[in-house]
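# Observations on chain architecture
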Amino acid sequence: MTAPVSLVVPKLDIAPLRRFVTGFSAILDSGAGQPAILEHGGNLLARLVSQDDWLSDEFAQPHPERYQQYLLHCDSAERFSVVSFVWGPGQATPIHDHRVWGLVGVLRGAEKVQSYRRRSDGSLVQQGASVELLPGDVDPIDPQTGDIHRVANAFADRTSISIHIYGANIGAVERATYRDNGEERPFISGYANEVLPNLWNGVIRA
């Protein structure tokens, strides 16, 4: 009788996420203003999403009916949060805002982003053409210049994943979705997960 083959699944190295979190914390600790946070934080995020070998499957699972937002890290003072957005095939957000600065980096698949602006009567109109973000691309979110948009998975047959950084505990921020006439509907997103990744797994201290 042939002995069964034991399959060993290699453990993911979470070090890239840990380096990102500590690096981003250092930017905020320096007292940098929003422009510098978006610039230097964007560079860190670009480095993080340039490799797709660190995100656990637990935080990369799509839902058959709606996109998922998994919390990966929240600063103890809620100065920033890191989340993975997981889009099933063809899934999209409603038109919505953020009310805090942010950064979006595509890790896997692709996203289409359509920005909106308000007309004088308060209704919304598309601002420019939609933008397609590919793996490695980073897109800033700035409420000072307009942060109302709609995001969709660019693929109808596969999952897409992006990593988002926000200047608050985004799952607890009261924001709004919008109808075309500009009517706001308040919402608080929360998170899909009940546990967090262990950033310090494998770190040995003397």
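The notes below deal with the structure included here.

Conventions and cut-offs
- Residues numbered from 1 in each chain as written.
- Predicted model: local features only at pLDDT ≥ 70, side-chain atom pairs only at ≥ 80, totals over all residues.
- Heavy atoms only, no water.
- Helix = DSSP H or I, 4+ residues; strand = E, 2+ residues; numbered from the N terminus.
- Expected span 1.5 Å × (residues − 1).
- Buried < 20%, exposed > 50% of the residue type's maximum accessible area, 1.4 Å probe, protein only.
- Contact = heavy atoms within 4.5 Å.
- Phe/Tyr/Trp six-rings, centres within 6.5 Å; stacked < 30°, edge-to-face > 60°.

### Structural notes on helix α2 (residues 34-48)
An ideal rise of 1.5 Å per residue puts 21 Å on 15 residues; α2 measures up with 20 Å between its terminal C-alpha atoms. Here α2 has its buried residues at Gln34, Ile37, Leu38, Gly41, Gly42, Leu44, Leu45 and Leu48. Where the residues of α2 are buried, they touch α1 (15-29), β3 (102-108), β7 (138-141) and β9 (160-166).

### With respect to α1
The end-to-end C-alpha separation of α1 is 21 Å, in line with the 21 Å expected for 15 residues at 1.5 Å each. Of all the positions in α1, only Ala15, Pro16, Leu17, Arg18, Phe20, Val21, Phe24, Ser25, Ile27 and Leu28 are classed as buried. Residues of α1 that are buried make contact with α2, β1 (68-74), β2 (81-87), β3 and β9. At the C-terminal side of α1, Gly31 shows a positive phi close to 85°.

### Description of the packing of aromatic side chains
For any two aromatic rings, the description comes down to two numbers: the centre-to-centre distance and the angle of the planes. In total, this model carries seven aromatic pairs according to the counting rule given. Measuring from ring centre to ring centre gives 5.0 Å for Phe24 and Phe80, while their planes differ by 40°; the resulting arrangement is tilted. Note that Phe24 is positioned in helix α1 and Phe80 in the loop between β1 and β2, a separation of 56 residues in sequence. There is no split in this pair, since Phe24 and Phe80 are both buried. Through a chain of ring-to-ring contacts, three or more aromatic side chains come together here, namely Phe20, Phe24, Phe80 and Trp101.

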